[in-house]
Structure formats: structure tokens, C-alpha cells
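# Overview (structure and organization)
Each chain, written out:
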Amino acid sequence: MSDSLTIPVEGMRCAGCSSRVEQTLNDLGVVKSASVNLALNQAHIELDDPNSLGEIVEALDKAGYPATTESSLVHIKGMRCAGCSAAVERALAKVPGVINAEVNYALGQANVTIVAGLGLDGTIKQAIENAGYEVEGDSSAVKPEAPKTSADFPWRLVVSIVLTIPLLVPMIFPIAALPGGWQWLLATPVEFIIGWPFIKGAWHALRNRSSSMDTLVTMGTFAAYGYSVWLHLSGHSQHLYFDGAAVIITLIVFGRYLESRAKARAAKAVSELINEAPMQAHRIDGDNSVDVSVDSLKAGDWLLIKPGEKVPADGIVRWGSSAFNEALITGESEPVAHPQGDTVLAGSLNGEGLVKIEVTRANEDSTLGRMIQMVSDAQAGKAPVQKLADKISFYFVPIVLSIAVVSFLVWGLAFSDWANGAIAAISVLVIACPCSLGLAIPTALVAGTGSGARYGILYRNIDALEKTRQIDQVIFDKTGTLTVGEPKLHAVDCEGSQELLLQLVASAQQGSQHPLAKAMLAANEQPLIELEHFDSYPGMGISATLDNDAKTNVLIGNQALLEKFEIALDESWQKRMAAMDMSGSSVYVAIDGKLHGIIATADPVREDAAAAIAKLQRSGVTSVMLTGDQQRVADALAHQLGLSDWQGELKPQDKLNEVKTRQQQGHHVLMVGDGVNDAPALAQADVGIAMGSGSDLAIESADVALMRDEPMLVADAVHLARQTWRIIQQNLFWAFGYNVIGIPLAAFGLLNPAIAGAAMALSSVSVVTNSVRLTRWRPSKH
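Residues numbered from 1 in each chain as written. Predicted model: local features only at pLDDT ≥ 70, side-chain atom pairs only at ≥ 80, totals over all residues. Heavy atoms only, no water.

### Things to note about the packing of aromatic side chains
Tallied over the full model, the rule gives 10 aromatic pairs. Ring geometry for F192 and Y225: centres 5.4 Å apart, planes at 85 degrees, overall edge-to-face. Here the residue F192 occupies a position in helix 6 (residues 180-194), and Y225 occupies one in helix 8 (residues 213-233), the gap between them amounting to 33 residues. Here F192 falls in the partly exposed class, since its relative accessible area comes to 35%. Judged by centre distance (6.2 Å) and plane angle (45 degrees), the rings of W734 and Y738 are tilted. Of the two residues, W734 and Y738 both sit in helix 28 (residues 712-747), 4 residues apart, roughly one turn of that helix. Here a set of aromatic residues connected by ring pairs shows up, and it is made of F192, F222, Y225 and F242. Positioned over the ring face of W155 is R156, at 5.9 Å from the centre of the ring. (Phe/Tyr/Trp six-rings, centres within 6.5 Å; stacked < 30°, edge-to-face > 60°. Helix = DSSP H or I, 4+ residues; strand = E, 2+ residues; numbered from the N terminus. Buried < 20%, exposed > 50% of the residue type's maximum accessible area, 1.4 Å probe, protein only. Lys NZ or Arg CZ within 6 Å of the ring centre and 35° of its normal.)

Right under this line is the structure:
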């Protein structure tokens, strides 16, 4: 990259802004000169040193005019341990224009954030290749792809096993070993052909003045192989270690094969999301439909969805109706009926109906696209504990090399046993592979976030999962969260026919979009009477005249409305109103100037709300309800759900202040909401969870999104986060435990190289297999 570059800059709105940006850049010692183009939102910079771009980006950010950035997801082939991923991160960090690079060894991916517009794809690829690794696919792709696994393991493993078995048999059974020449012949292709990736990796690490698992394996097997060659050429036919070198490589290749399969299982959820997304759509063009790529779809397009096909984009059913299996998106196994006017989601499987939909969101903006991006972001990120493990891995290999050298010298100088010293050093090098340490955390996170996505729990990033496990208070909004969010007819008390009363009330409110009117219309089963006249009285109710033979007048409202129309309200009616369930809204109904009944509506409680609160309580988490609804309604619902802490009649600012207060008291707060008014509190909480039917603003403000409107998923999200953390702790215990126990045993000569190789391979496999247990996690309803 040249010393002259152009950086896109955000936030400039006037000439004063561009002057401040220009001054900020020119004040930096690394900048020769800088000029700013306000119309193009760009800064043209002449640099003394291209490697100082990071300092420039930081200065712009501090000045309030950040450089425009973009992200790339790079698939990398050839990483075999945490040291490899650390080497790739260091190589990418040196590329001018790269702001941040996080490498996930478990997925074989690098998430690279760069300054936009610099065209760094080729430079990034070259940096990775110079570090000794390969880039798979297009490094500029920001669209997540299914994690890749190596395809060359099976044949390498088969060849290695065939060549190693003759060397291994005498180690197990009391039979004579093969002659030294035959052992040399069999071990050589294993060492140099099957083991070539390790040799290549060790060479690249050496060239880059670093070390990795390949360094340990190559040094260990070369030492065993070379020592055996020297013994054989010297005429010593006993105590050759060709078998040890071959067995070590075979076991490592076998371990990598098992590991790759286990990692593929751990990443299965995001692979399913990506691979199950439809690639083509039937776009309606006039009277015909044309098959087009899903990537070409845009909002407003009409699509034909045939029976048994997947929906390629979010849309509204404009013609026809069908039942759709939404298990891929929401985790709900039962098909959901969607008549005309309903919204259907990309990735849903159409049943037996033929429908036409109008696209509302396509590609990455669709629900499925956002799910894939959220899961990929979460899996590509690094937890704080992972960064600590990476730091340990960086120093681990040099320490192991030192221990191996010390073991060799102590055995030779103190005990005059250079042969056992060599075997001890080889065993130390082989058993101390840091692979399990590199896999301990990312495989658990991949499996945990993947399992959550499979059942409708989406963690936006690793920090969200980390914080969710720590929460001790869950604050629920009421409407749409603990309740359905739509009033339903709750009770009727009337003189005469209830059926007739509901018919008159529904007829009086036909066409109204008020939630209470919708509830009464839904409860009526009789034909509606045509409406002749309608009047609304804000704060009191409505008056309507029906166009029937009697020209029936209907009043629906509160006591103030009755008083306005001088309708008598005696004490008995007031007692009947008081006896109605006051957990919702109740109104009087008067027919032709005479009071005829009371109708009560209520927002039904979600069927799993009480169970969710009980489950949270059992796990040591307190549930709180904050709502803007009337206090009497909040009181009734809180008693019904068994809550001990609740408040009603709160404004959005009040909810926000309540979250802040509880945080100041030392609580880790999780907020659950679904509306625009919940967005400030969701953003303030340690963890915000948006319900599946929530507004876009609520979902964007949340750390965790639930694809179904089930409070039990909140409890499940907490349980899964804690379970994932427990798996991480177990993995770290095993990863460190193998080395803490194995390295001293190897140094003291109590392990031969073959056993050390088996233990090393087993450590990685055991860690990944333990993580895979998370793929069997099921939410409470499954």
C-alpha cells in the first residue's frame, strides 16, 4: 500500500467539522499532510509510515469523526492449534488498515475489521499466506458461510494407519520387532508425507519467529526418527523409536479427524441455517413467474410459493393461504397457519397451499438473514476468558521447549542417560500440545450459541452470553411479554340475551381498530347489523345507531358517558361492576337509553409465564414486573403469577431509572420487553432480551432475541448461558489438567512418546466431545 491514502470519515456535517478533522490529522506526527473533502466525506492523507494507520483511526475516533469501517469473514485452512490462530492474528494486525482481527480456531475463520475503501483483500490474503496458512474462498465476503472442515483427513489417516500397524503390533504383543531397515522404510513416509503439514507449519512458524503445535510435533517426531536412524546406521538394532515417531503422527492425524467431525457437529446449527436457506425464488412478472436468484430480490417483489417449497424472503401473504413449518426460524415444531394478510418468514417451509407473497425484507435484512448474521457474529467473537487462554498459549510453547531441553540435559548430565533424556524430551514435546487449550472455549461457545439458535434463542455476541449467565434479576414488561398483548373478552354480565348484546356491541364498533373493539368483534358469532351513525367521546366511550328496523341506539363506555346521556345507574349496577374481574377493562352497555349490561376485557396471561418465573426462581433469579398499565391491573397479574416485586403506571423513563437503580444496588439486571417504549430500558440493562413479536427497535436494542413469544425462553436463555459456561470451565480444567499431569510425567521418563502422543490426541478430542454435549441441549418445552 502506498504512503498516500484516502479514508472515508463519518459524522462530518459542515465546514467546521471538516476543518476539525483536517486539524486533528495534521497535528499527528505521522502525517505529512491531510486534506478533507466534505462533499465526499473523505480525508486524503500523506503518511510518513503506512503502519501508523491505527494511530490515525484512533485519533479520528477520539475527535468524534470515526473512519468508516467494514468487516470481512475470512475462511482459513491449515490452522491446527491455538498458536496457529494467534500467529494469524499477529500477521493480520500488522496489515496497515486492519483495525481489529479475531481468529476462531474452532471454526477456521477470521473476523477482520478494516478501514473501508482501501481494497485490502489481496493484502490480507497475502499476510495469511506469508504466515503459512491458506485462504479459502473470497476474503471480501461479508456474508457468513457454513464453517468448513478439512476433507483430506480420511485418506491420510488410512495410509498412516496401514503403515503404522506393523510397527505398532510388537509394542502390544510379545512378538519380535521388525528389522531396523523395515521399520525405517515404513516410518519414513509417515514422517515426511503424512507429517508434511506439521513440518510445513513448523517451518512457517520458525520463519515468522514464533512457535506452534507444529513446532512441538515436528521436533518430537524428528528427534525420535533421527535418533533411530543414527542408532540403526551405528549397528544398534535394539531400542529403535521409529514406531514412536509413526504412532505419534498417526494418533495426531486420528485425533484431528475426530476433532474435525466433532467441530462440525458443534457448528451444525449455523450450518443448517445457512445451508437450508433457499437459493432461488419464483418472482411474479406479469402473468408469469420467473426463477431468479434470492440475492436479486428486493422489497415490493411478488413471489409465488409452491407447496413444499421454502420461503425465500420475509413477506406478506397477498393471495391464498397455507400452513408453514417455521421450525428452522422459531424452533416451533408445529406448522403455523398463515391466511391472507399474515407475515411469513424466510426459511419457512410451505405446506400444501399455493400462495403469493409480497416481499418486505430480503437477503441479509430478512429474519433468517439477521439470524445467520447474529449467530455468526456471536461465534466469531471472543470471550474475555478466551483472550486469556490465547495469551497463555502464546507463552506455552516456548516454556515447553525449555522444559524439554532441561529434561534432556538433566537426564544426560546428572544421570549419564542421554537415551532416556532424549525420550523424556520427545515425550514432553509431544504431550504438551496446546490444541485442547485453543479448542476449550470456542467449541463450547459455538455449540452453545448454535443450540440456542436452533430453538429460537439468539445471542447477539459473546459478551451477551457471558453476561446472561451472571444475571440475578429479570425485569419483565407486562403487555406483550407476560401477557399476549391483545385484549380478549373476559366476562359479560347482562340483562337478557348475552348473544344479542354481543351482536349489538360488535355491530356498533365494526371497522374500529381500537384493541377493545377488536376483542368484542372477535367474541361475536352473529351477523353484524349495518351501522347508520357513529360518535366517539374521548375518555368516555362511543355512541352508535344501527340501521335495523328499530334504529337501535347503542352506548358503550364508562360512568361518565352514562351521565352525559342521563342514563340511570343504580347501586345494584355499581355492585355488579365491582364484582367483575378488575384485572382488565370493563365498560357499561346501554341500549336505547337503558342500561343492559357490563362487558369486561382482559389481556390474557401467556400460558408459560408463571412456569418461567418459577424456573427462574429455582435458579436463584428474582423476577420483577414493570408496566405502564394501571396499578390495579399490575396488582392482579402479579398475584396471579406469584411475583413479589412489581410496579405499575410507569413511563419509559421510569423503567429506565428503575433499571439504573437496581444496577447501582449491585444487581446484574436482565430486561425483557417487546415495544418501542422498552428500548431505553433494554439498552441500559446488563442484558436486554426482545420477544419474537417485538418491534424492530426493541430487537435492535437487545442483546438476546427470542424468536417465539414464550417467557419460558427467557429462563432457557439463562440456563443455556450457564450451561455453556460450565462446559467451558470443564474444558479448561481438562486442557490444563492434561498438561499439568502429563508434562511432569514425561519429564521424569514415566511416559514413552507413543503414550504421550495418544494422551495429547485424547486431550483435544475429549475437550471437543465435551463441548458437543451442548448440541443435545433442549429448552423446557422440548
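### Digging into the sheet that holds strand 8 (residues 280-285)
Read across the sheet, 6 strands follow the order 9-8-10-16-11-14 without closing on themselves; strand pairing throughout is antiparallel. Two strands bound the open sheet, and with one partner strand each, they are strand 9 (288-293) and strand 14 (343-344). (Pairing = 2+ DSSP bridges.)

### Overview of the pattern of salt bridges
Tallying each qualifying case throughout the model produces 18 salt bridges. Salt-bridge contacts for K551 lead to E532; the nearest nitrogen and oxygen are separated by 2.7 Å. Placement of K551 in the loop between strand 21 (541-546) and strand 22 (553-557) and of E532 in strand 20 (residues 531-537) is noted, with a sequence separation of 19 residues between them. Residue class for E532 comes out partly exposed when judged on its relative accessible area of 44%. A salt bridge links D645 to R662, with the shortest nitrogen-to-oxygen separation between them at 3.0 Å. With D645 in the loop between helix 24 (631-641) and strand 26 (646-647) and R662 in helix 25 (residues 652-664), this residue pair connects regions lying 17 residues apart in the sequence. (Salt bridge = Lys/Arg side-chain N within 4 Å of Asp/Glu carboxyl O.)

### What to know about the sheet that holds strand 26
One open sheet accounts for 7 strands, arranged 17-29-28-27-18-25-26; its pairing is mixed. The two strands at the open ends of the sheet, each matched to only one other strand, are strand 17 (457-459) and strand 26. Sheet analysis places strand 28 (residues 687-690) next to strand 29 (residues 704-706), joined by 2 bridges and oriented parallel. Residue pairing across strands places I689 opposite V704, the latter belonging to strand 29.

### So, helix 1 (residues 15-26)
In this model, helix 1 (12 residues) spans 16 Å end to end at C-alpha, consistent with the 16 Å of a helix rising 1.5 Å per residue. All of the buried residues in helix 1 are C17, S18, V21 and L25. For helix 1, the angular spread of buried residues about the axis comes to 95 degrees, placing them on one side. Where the residues of helix 1 are buried, they touch strand 2 (31-37), strand 3 (42-47) and helix 2 (53-62). (Expected span 1.5 Å × (residues − 1). Arc of directions from axis to C-beta. Contact = heavy atoms within 4.5 Å.)

### Brief notes about helix 8
With 21 residues, helix 8 should reach 30 Å at 1.5 Å per residue; the first-to-last C-alpha distance of 30 Å fits that figure. Remark: G235 follows helix 8 within two positions and exhibits a positive phi of approximately 90 degrees.

### Some words on the pairing of strand 4 (residues 69-77)
Relative to strand 6 (residues 109-115), strand 4 runs antiparallel, the two sharing 7 bridges. Across the sheet, the residue bridging to S72 is V112, located in strand 6. Note: strand 4 against strand 7 (residues 134-136), 3 bridges, orientation antiparallel. Its bridge partner being in strand 7, I76 is matched across the sheet by V135.

### Describing the side chain of T775
Its location among the elements puts T775 in the segment after helix 29 (753-772). Polar contacts involving the side chain of T775 include one to the main-chain carbonyl oxygen of V772, which spans 2.5 Å. (Polar contact = N/O pair within 3.5 Å; in protein donor to acceptor, adjacent residues only side chain to side chain.)

### Comments concerning the state of the cysteines
This model, assessed by the stated rule, comprises 0 disulfides. Note on C14: no disulfide assigned, nearest cysteine sulfur contributed by C17 at a separation of 3.5 Å. Taking the relative accessible area as the measure of exposure, C17 reaches 4% and is therefore buried. (Disulfide = S-S within 2.5 Å.)

### A word on unusual backbone geometry
The phi angle at D592 is positive, at roughly 50 degrees, despite the residue not being glycine. One can find D592 in the loop between strand 23 (585-591) and strand 24 (594-602). For E649, which is not a glycine, the phi torsion comes out positive at approximately 55 degrees. Within the element layout of this structure, E649 appears in the loop between strand 26 and helix 25. Note on E649: relative accessible area 51%, which makes it exposed.

Limitation: the analysis is restricted to geometry and does not speak to function.
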